[in-house]
Amino acid sequence: MKDRKKIAVISILILIVSVVVLLVSGWPSLKGPFYLDSEGYFRSLPYFSERSLTWDKVHDVALDNPYPGGKRVIPNLTFVLENYLLGFTPATGRVINMLLHSLNLLLVFFLLRGVLLSLGKKGTLVTQGAALGAFLWGLNPLFADTTFYVIQRMTILSATFYLSAALLYLRGRESRGRTRRVCWAGIIVAFLLGMACKENVVLLPLGIAVLEFVLPENTALLHSRRRIWIFPAVFFLAAPILATVLRYDLKGLANSVLATPGRSFTFAERILTEGRVLVHYLSLLLFPVPGRFSLVMKYHLSRSIINPPVTMLAWFAILSLVFLAVKWRGKHPLFSLAVLWFFVNHLLESTVIPLEIAFLHRNYIPSIFLFLPVVWALLSLDGKRVRMIVRIAAVSVLIFFVTGLYTRAVTWGAPKTFWEDVIRKSPGSLRGYINLGIYYDVHGDQPHALGIYEKGAKNAFEEDPGFWGDLYANMGIARMKLGQDAEAERYLDRALTITLNEDYLYNMAFLQLRMRKPARAKKALDILEEKNPRYPQLHLLRAKLFLLQRNKDSARQELKTELGLYPGEREAILLLRSLRSSGR
């Protein structure tokens, strides 16, 4: 009972310290806007245009979300609830992410402590080692880009349920009877909730299998080591059923693995390149200098195992680490756990599925045990003086980490600095140039924006077609604002040749109306309405088209439709009022 009270006090202290440190070090990031997917997500969906909370909205968010990430039900519901209670902003989104990350840090502490106890470790060093390992994970500057990137709440929440399931497994394997059954049921519930946050939780069964493989044999939960794979097998059989309920396109996913549609790489090139990426991830985690981080990461593709030669070295290093982890699981279980857990939890996002090549947030779950072997080895050294030196060194490292968090927060807080940082670190990626150009465009400096876009077109390599479409579309928008309509039309045509993107179609329709070409405007609007009938200002633009054609009745109907979707659309309100006045 005394030990439990002590652990409870320590847990509260860990939570308080992590919340305070993360909020203080991350505070400068609150000044920054949404970036990348966050900006697109919260701008394109109607759920965030006003602060109401209705059952219809909850149903749409949960079951009828048109956005590609819409299957992630629980994060989406938190966004809608946050919007209702606080008014959704980048600042509130980041604060809540930091609080959730603090909760995960506490769960990591419990998990690390549970693993050490399962390995037979005893004494106060267990709690010290678990706390230090948790802080080295949770305060690592690499995860600044996960917590500040608001849309990655899906990653943070999925980890919450993943960690909860792992803790229940540790408890269940040491228990019998009713307690064991409760733990088993809890694992299933955590798995389902995690899958409703992000798909990588499908790897939970393999993560648990890694734990069972490394920890000393215990027959309380599974009758024998020979039956260890029954556990992941049951979950993997259930996963497709759950994915179907959440409306994932499993057939499309399977077809995309070999076809890699819309990507600049082939199946083989992605696999080969990911070897270098994984080794780079490890180097960033172990030497997390903010100058090495970027939200957008760009790599030259590996065309073969020897092109470039470092590809072969990277895969040799990975296979060697895995071989040693398997071989040393009895002698060095913490090393084995750290290595196997890292690579197993990268299987979904860093192998065959044709996602973008790299993102730092993909390391959130895989890196959980990475620091524990080093921490335990150092704390286990003999001699009070040595241990004191180790503790001082650990505190110094944590101060270095917190400084790194603050440095990244300052960068995230200033959009111009943020995108300049992306271009400096990933000069071959169009994303940095596109978004820095947009920054100048929004601030009225279209000539500077065009210069940035042209520089991006010159420096980019091995880019996905969609990014070229974004570049040309934004060049068209900048030309349009400068009154260069013919050039704007040419660039928007190039963008639409690549993909019929909704934003491209809207801007093309807007331009065609301005150029008095109603037929081309109607064509763009028809395609846009077919793709997304709820696109903001779609029906407002249709109303203007009808007014150009002197069809006031149809214009009124379109304005009413627009206001039915977006009651606060001021231009539609004023235009409808004007039409009513003129009709009297």
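Conventions adopted
Residues numbered from 1 in each chain as written. Predicted model: local features only at pLDDT ≥ 70, side-chain atom pairs only at ≥ 80, totals over all residues. Heavy atoms only, no water. Helix = DSSP H or I, 4+ residues; strand = E, 2+ residues; numbered from the N terminus. Buried < 20%, exposed > 50% of the residue type's maximum accessible area, 1.4 Å probe, protein only. Contact = heavy atoms within 4.5 Å. Areas by Shrake-Rupley, 256 points an atom, 1.4 Å probe, with all protein chains shown as cover. Core = buried A, V, L, I, M, F, W, Y, C linked by side-chain atoms within 4.5 Å. Axes fitted to C-alpha atoms, helices over the stretch in contact; angles between N-to-C directions. Parallel < 35°, antiparallel > 145°, perpendicular 65-115°, else oblique. Left-handed = near helix turned anticlockwise from the far one by under 90°. Nonpolar A, V, L, I, M, F, W, Y, C, P; charged D, E, K, R; others polar. Expected span 1.5 Å × (residues − 1). Salt bridge = Lys/Arg side-chain N within 4 Å of Asp/Glu carboxyl O. Phe/Tyr/Trp six-rings, centres within 6.5 Å; stacked < 30°, edge-to-face > 60°. Lys NZ or Arg CZ within 6 Å of the ring centre and 35° of its normal.

With that settled, consider the overall build of the protein. In terms of helices and strands, the protein carries 27 helices and zero strands. Here the protein holds 584 residues, and 52% of them are scored as buried. Sequence separation of at least 24 residues holds for 71% of the intrachain contacts in the protein that already meet a minimum separation of 6. Carbon and sulfur atoms make up 64% of the accessible area of the protein, which totals about 26600 Å².

Right, let's talk about the nonpolar core for a bit. By size, the foremost hydrophobic cluster in this structure holds 159 residues, and its most contacted members are Phe42, Val115, Ile368 and Phe369. One finds Leu540, Leu559, Leu563 and Leu579 within the second-largest nonpolar core, a separate group that totals nine residues.

On to the packing of helix α14 (residues 310-327) against helix α15 (residues 333-344). Contact pair α14 / α15: the axes reach a minimum separation of 8 Å and the direction vectors enclose 135°. On the basis of their axis angle, the class for α14 and α15 is oblique. By crossing handedness, the relation of α14 to α15 is classed as left-handed. Where α14 abuts α15, its residues Ile318, Leu321, Val322, Leu324, Ala325 and Val326 lie against Phe335, Ser336, Val339, Leu340 and Phe343. For the contact of α14 with α15, the class distribution of residues is ten nonpolar, one polar and no charged.

To continue, consider the side chain of Thr127. Tracing the sequence through the fold places Thr127 in helix α6 (residues 124-138). Not counting residues up to four positions away in its chain, the partners in contact with Thr127 are Ile7, Ile10, Phe109 and Arg113.

The subject of this paragraph is helix α5 (residues 90-118). In a regular helix each residue adds 1.5 Å, so 29 residues correspond to 42 Å; α5 covers 41 Å between its end C-alpha atoms and thus fits that length. Gly120 sits one or two positions beyond α5 and adopts a positive phi of about 90°.

When charged atoms on two side chains of opposite charge get close, those side chains can pair. Tallied over the full model, the rule gives 27 salt bridges. The partner of Arg270 in a salt bridge is Glu274, and the shortest N-O contact between them spans 3.5 Å. Linking Arg270 with Glu274, this pair stays in helix α13 (residues 267-286), spanning four residues, or about one helical turn. Glu274 carries the same exposure label as Arg270, and that label is buried. With a shortest N-O distance of 2.8 Å, Asp526 and Lys522 are connected by a salt bridge. Of this pair, Asp526 and Lys522 are both found in helix α24 (residues 518-531), four residues apart, which corresponds to roughly one turn of the helix.

This model, assessed by the stated rule, comprises 21 aromatic pairs. Both rings, one in Trp137 and one in Phe143, keep their centres 5.7 Å apart while their planes meet at 50°; by these two values the pair is tilted. Of the residues examined, Trp137 reaches a relative accessible area of 0% and is grouped as buried. Judged by its relative accessible area of 1%, Phe143 is buried. The residue whose ring lies beneath Arg329 is Phe213, and the NZ or CZ to ring-centre distance is 4.3 Å. The ring of Tyr472 is capped by Arg494, whose NZ or CZ atom sits 4.0 Å from the centre of that ring.

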